[in-house]
Amino acid sequence: MTGMAAFLEVLASSIGSTPWRFVSGVALAALTLAAGAGLLALSGYLIAGSAIAGTGLMAFDVVIPSAAIRLFAMVRTVARYAERLATHDAAFRFIARLRVNVFRSIADGRGELARPRAGVLLARLSSDLDALDGLNIRFATPLAAAFVILAGFAIVLWGISPALAAATIAPVMLGGVLAPCAIGVFVTRDARRRMLALDTARTRLADLDRGRTELCIAGTFAAHAEGVVAACKRAAETELRLIRLDAGLRLAASLGSQGAILGALLSGAALVASHNLTPLIFAAVVVFSFSLGEMVAPLRVAALDIGRWTLAARRVQPLLGDHNATMDKPAKLKLTNSLGGLELDDVVFTFPGEKEPVVKDISLRVARGEWVALVGPSGGGKSTILALAAGLLTPDRGTVVLGGGGLTRPGLAASGARIGYLLQRTELFRSSIADNLLLGRPDASDDELQIAVAAVGLDRAIANLPKGIHHQLGDGGTGLSGGERRRLGVARLLVASPDVYVFDEATEGLDAATAALVIENIRSETRGRAVLLATHHRDEAENADRLLWIERGKLMQIARKGEAAFDAILDQLNPRGCRRLDPVREGSIELLFA
Amino acid sequence: MTDRFGILSGRVPRVAVALSLAANLIWIPQALILADAVAAVSIGPDAELTRLSPIMLASIFALLLVARSAAEAGAFAISARASTATKLDLRGKLIHTVLPWSPLDATRPPAGEIAALVVDQIETLDPFLVRYQIARFRMAVVPVAILVAILPVSWAVALILAIAGPVIPVFMALIGATARERSRRQFDEAGNLTGLLLDRLRGLASIRLLGAEERVATTIEASGERVRRSAMDVLSIAFLSSAALEFFATVGVAMVALYIGFYLLGWTTYGATLTAFGLSGGLFMLLLAPEFFQPLRDFAAAYHDRAAVAGLAERTDDIFSVRRSSIVGRLDSTAYRHLDRPFASCVDVRRLTVRLAGCERPLLKHASLTVAAGEHIAIMGTSGAGKSALLHAIAGLIDGAEGQVAIDGMFLTKDTADTLRCRVAWIGQEPYVRQASLARNLQLGHQPLDRERAAAALAKARLAKRVERMQRRMLTPIGENGAGLSGGELRRLAIARALLSNAPMILADEPTADLDGVTADEVRSALLDAAHGKTLIVATHDADLAGRMDRIVTLCEGSVEEIAS
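(A) Quick peek at the overall build of chain B. The number of helices and strands found in chain B is 17 helices and 12 strands. For 565 residues, the compact-globule estimate of 2.2 N^0.38 gives 24 Å, and chain B exceeds it by more than 25% at 36 Å. Across the 565 residues in chain B, those meeting the buried criterion constitute 54%.

What follows is the structure, encoded as structure tokens:
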């Protein structure tokens, strides 16, 4: 879709979302302009009339014009205030709605925006949305009002004399309408370039901070910083070109609006000389023509911004529309007994850009009440299998079945059965601890939260916080240690109480005693449900009913509890040492969705 | 507020101010000509003040019109160019201030916040310089000039304007202070909303798994609604103040028009200065009246530009007034990369104390350590003992408070740090990966990649087979945080980088943390292979890895406690 088409679509959606606010905004803007013009025309009329009456040439009634002048002064002020409030309010509403729609689209995983990095994505998203909030205020409303009013004045002047209308309106049209349209084409390209340069600067600046250590050691830190400065310079250079064009536009607008005064003066003088116009109307028209410049001024601003708008619109347009209809509503939350076991049949999965599959013909079955643990070297495909089982990834071949049906979306089967998945990287949010816990099941009671928190051994730590469970976490859940974050992630899953639990290294970063407590409580809390987990900790694996050894994407060995092979596999796993409580390593699977 | 970057003291060139004033003042003769022309046409040539022929009047008006337009456009172009230069200069300054912050300082503001400040919020300088700074001068000069022009015609009109005019600045001052406070609040709120979105998008996988998209969307919606409300709060005040100003200006003009009308009708004979004025004089004053108020209104409109920039200055101050630990060295690419590096470096740390700026407790306390050339040592100790700080200090990535670090007999100082850092290769826990091909990630510098050496390094780092499996081999793009590469693979990528850089000393910060047995083993072997014949200092909890070193040093609360060989 071209930028202009996308722009028009976004514009239509902006107007369509609050049509009456838009219409009333335009009406108020037009009223403001009309009152301003009327004020000038009447003042000229009043003074000319008084002067002529003062010389005794004619009688002149000042009561009506002077009352009208006061009325117009009031109307203009009030209408302007109301218009500004109405249009700004409509614009903010539109932007808030747009932002939510965009979030929904990304959450749907649709469109090209599903792939890029979260940082770049957000920077672009927020700057695009910011750009579009000017659409109503600075484009649609003033433009519509200007056309309504200009047309109205042209008709009124035409009624007085076609020559007068042409001489007055034509200069304004040339300098204030035609010039912005023509120059707008050039401006669009440069405005887009400038925006892209600033995008680059933003990304490079973020990269510079992430790579602080490595870039500094590689001796290229300064060069990278220069790269950021270079992007800023590129932005500044296009800005200079834009300034030249803007200056040209200002010149044209100024010549046009003052040309209108000159036009009114000359053509009016000719009409007065030929007795086709009374001196009073002549004075009124000349003074009135001052107001024409004000009407077309928004066009200049619009011409300068249209490049940025079209670029933003092109990116945002794919994310428009009614997403409530397309988004699967999560099933009604029911706390029933497990609906069944989890089955993977001949599942194959290849990451984009890779030649070989990371998961090769994996078949496994986890029955209700069963614990199955995936073990084996990291990079062997354990996490990928879990992501496939939870529906976060879709297999190239093979099926994932839960409770007799396939998966319809991440974490949900066709049967309505839910899968709870603890990712390798604990994802918490800026919100209170309670809000984080409630994310999976908003109707959980305070008691249920307390039970879950106690199950992971966090009850005492949370009780010691000044606000307890309503303690606010920072971005990404900062404010907790790695181990605490992990345990909160487990607790959130326990609160959600899904039919099947999938844990990726549930006790990573915990010391032996805490891990033992957490494992024991997970056991009792998940009783009767299917549990699939991946671990390289012995204490976690020895609780399993079955161990599956995964290596290079293949299922190499299965061992049941009690078999000799089971203990042989356990012996290959790490006993939990006094490891540092590290924040959990960033996984790679989740980033596909970031 | 200190405003250390001089944000609020930004000025525009005098030429721009002069041109803008000229454009405004040209209006005075233009109004006179126009009034004369209308009077001549309506009543006859006798009514004129200038006694010029109508053709002459029209030509002069046209000339002045062009001059006025040109002066206006010129004033804009010059001030806008100056603003662009100021923004570029400020951006450069901020980037260079951020540059030396130590990577060890986890309290530094997030990259996103800095990017928003440097790229987006600086744009508020544009209206401040282009509009506000010029509007200030116009407000001081133009109304006075117009009063002076009107006074010879009618002292009464001049008096009306002189009384109505000052009301505007008084109002402005009253309303301006509230608006500023509210504008600052709006700034914070908008930043919160952006942060909220990023926060939720980062954890999108969990949100989808929990089926919480709709609830999160509602949260964002509620947040958007809050932003809208606070913005409308600000704007309703801002608009109210400009409406009040507009009202006073309009009433002022209306009063002038009515007085002139009554005077011309002969209802009052009071108020003319030199001689009685007619249509021409009346129109002249009427046309000047709006222009008397215009600069005051322009300044009122631009007043909020200053508030926005004051907000920017305050925010910048908040971020930059905190003293932060910095990287040692000039960081200006003046390092002598090839100043005969030894094959293996020796390190001497003498009574080194390191503390983060603003922190009482030191990370390292009088730590001393000598590492011979080619020696492999492990640094162990509980977390928080200062292992990472020691490695960062050796690489000059944080400045020491006391004591010295010497590499190959050279003290690590501001002048030598960049050169000495060329002797270091770094293997961290979360190696930096940029959005580029594997090849471009193997060498972070700009020098061309030697394919053969790269292949050899990958083989030694035990990554050759993995690369073999990738669709486009070395040209395969790998993403932020190394999407597609596992934690073990990323560390081996860092090892391959270390091999390629051929640095005489390798510093490794927990290279085997969070890896399972088999993977950790691969990393251990790759690391030892890469460090063959070179100096290796490893901070680790991994007893296995430590056991394969020549010597183990234990840190306890920032001090070197024991040395076991």
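Structure shown, so let's carry the discussion forward.
(B) Spatial organisation of helix α6 (residues 162-210) of chain A. Compared with an ideal rise of 1.5 Å per residue, which puts 49 residues at 72 Å, α6 of chain A spans 68 Å between its outermost C-alpha atoms and is within 8% of the ideal. Its maximal kink placed at G184 of chain A, α6 of chain A deviates by approximately 40°.

(C) Region of the structure containing the nonpolar core. Membership of the largest hydrophobic core comes to 382 residues, with the highest contact counts inside it found for I47, L132 and A491 of chain A together with L288 and I506 of chain B. For this core, the element with the highest residue contribution is helix α8 (residues 221-273) of chain A, accounting for 22 residues. Once residues lying within four places of it in the same chain are set aside, the contact partners of A491 of chain A are L437, A452, V453, A455, V456 and L458 of chain A.

(D) Fine view of the domain arrangement of chain B. Residue and element names in this part refer to chain B. What the domain assignment reports for chain B is domain 1 (14-320) and domain 2 (347-564). The centre of domain 1, based on its C-alpha atoms, is set 56 Å off from the matching centre of domain 2. Taken residue by residue, the interface counts four residues in domain 1 and six residues in domain 2. For the side of domain 1 that touches domain 2, a count of residues per class yields two nonpolar, one polar and one charged.

(E) Molecular detail of helix α10 (residues 292-316) of chain A. Between its terminal C-alpha atoms α10 of chain A stretches 35 Å, which fits the 36 Å expected from 25 residues at 1.5 Å a residue. Of all the bends in α10 of chain A, the largest measures some 45° and sits at D305 of chain A.

(F) Fine view of the packing of helix α8 (residues 213-265) of chain B against helix α9 (residues 279-320) of chain B. All names here are of chain B. Across the interface, α8 lies against α9 with an axial gap of 10 Å and an inter-helix angle of 170°. Looking at the two axes, α8 sits roughly antiparallel to α9. Seen from α8, the contacting residues are A238, S241, S242, L245, E246, A249, G252, V253, V256, A257, I260 and L264; seen from α9, they are L279, G282, M285, L286, A289, P290, F293, R297, A300, A301 and H304. Tallied by class, the residues present in the contact of α8 with α9 amount to 16 nonpolar, five polar and two charged.

(G) Main features of the sheet that holds strand β5 (residues 410-411) of chain B. Residue and element names in this part refer to chain B. Reading across the sheet, the four strands line up as β2-β1-β4-β5 and stay open at both edges, with antiparallel pairing between neighbours. In the strand order of this sheet, the two ends are held by β2 (364-371) and β5, each with one partner. Relative to β5, strand β4 (residues 402-407) runs antiparallel, the two sharing two bridges. Counted as the bridge partner of I407 is M410 from β5. Against the sheet, helix α10 (residues 387-394) touches β1 (347-354), β2 and β4, its axis set at about 120° to β1.

(H) Structural view of the interface of chain B and chain A. At the interface, 132 residues of chain B touch 127 residues of chain A. Of the residues belonging to the side of chain B that touches chain A, the class tally is 71 nonpolar, 34 polar and 27 charged.

(I) Representation of the pairing of strand β1 (residues 342-349) of chain A within the structure. Pairing between β1 of chain A and strand β4 (residues 397-402) of chain A: five bridges, direction antiparallel. Following the sheet pairing, V348 of chain A is matched in β4 of chain A by R397 of chain A.

(J) The arrangement of the environment of R451 of chain B in detail. Residue and element names in this part refer to chain B. Structurally, the position occupied by R451 is in helix α13 (residues 451-460). For R451, a count of 10 C-beta atoms within 10 Å puts it in the exposed group. Placed 23 residues apart in sequence, R451 and M474 show a C-alpha to C-alpha distance of 9.3 Å.

(K) Up close: the packing of helix α2 (residues 27-42) of chain B against α9 of chain B. Residue and element names in this part refer to chain B. In the contact formed by α2 and α9, the axes pass within 8 Å of each other and the chain directions differ by 140°. The way α2 lies across α9 gives a crossing that is right-handed. Here W27, I28, A31, L32, L34, A35, D36, V38, A39 and S42 of α2 come into contact with α9, specifically with L279, S280, L283, F284, L287, L288 and E291. Here the residues of the contact of α2 with α9 are counted per class, giving 13 nonpolar, two polar and two charged.

(L) Representation of the sheet that holds strand β5 (residues 405-409) of chain A in the model. All names here are of chain A. Taking strand neighbours across the sheet as the criterion, the five strands line up as β2-β1-β4-β5-β6 in an open arrangement whose pairing is antiparallel. Both outer strands of the open sheet, β2 (359-366) and β6 (412-413), are each paired with one neighbouring strand and no more. Across two bridges, the pairing between β5 and β6 is antiparallel. Pairing of R409 across the sheet is with L412, part of β6. Packed on one face of the sheet, helix α12 (residues 382-389) meets β1, β2 and β4 and runs near 120° to β1.

(M) Just the domain arrangement of chain A, in detail. When cut into domains, chain A gives domain 1 (3-321) and domain 2 (342-592). Of note, the centres of domain 1 of chain A and domain 2 of chain A, computed from C-alpha atoms alone, are 55 Å apart.

(N) Molecular detail of the environment of L517 of chain A. Within the secondary structure layout, L517 of chain A lies in helix α17 (residues 512-525). Each C-alpha atom, one on L517 of chain A and one on P162 of chain A, is 92 Å from the other, the two residues being 355 residues apart in sequence.

(O) Just the confidence of the model for chain B, in detail. All names here are of chain B. Confidence in the prediction of chain B, expressed as mean pLDDT, is 83, and 91% of residues score 70 or more. Confidence scores differ between elements of chain B, with strand β12 (residues 559-564) showing the lowest mean pLDDT of 68 and helix α1 (residues 14-25) the highest of 95. Quick note on the complex model: pTM equals 0.78, ipTM equals 0.84.

Rules used in this analysis
- Residues numbered from 1 in each chain as written.
- Chains lettered and ligands numbered in written order.
- Predicted model: local features only at pLDDT ≥ 70, side-chain atom pairs only at ≥ 80, totals over all residues.
- Helix = DSSP H or I, 4+ residues; strand = E, 2+ residues; numbered from the N terminus.
- Rg over C-alpha atoms; globule rule 2.2 N^0.38 Å.
- Buried ≥ 20, exposed ≤ 12 C-beta atoms within 10 Å, placed from the backbone.
- Expected span 1.5 Å × (residues − 1).
- Bend = angle between axes of the 7 residues up to and from the residue.
- Core = buried A, V, L, I, M, F, W, Y, C linked by C-beta atoms within 7 Å.
- Contact = placed C-beta atoms within 7 Å.
- Domains from an automatic or database assignment.
- Nonpolar A, V, L, I, M, F, W, Y, C, P; charged D, E, K, R; others polar.
- Axes fitted to C-alpha atoms, helices over the stretch in contact; angles between N-to-C directions.
- Parallel < 35°, antiparallel > 145°, perpendicular 65-115°, else oblique.
- Pairing = 2+ DSSP bridges.
- Left-handed = near helix turned anticlockwise from the far one by under 90°.
- pLDDT = per-residue confidence, 0-100.

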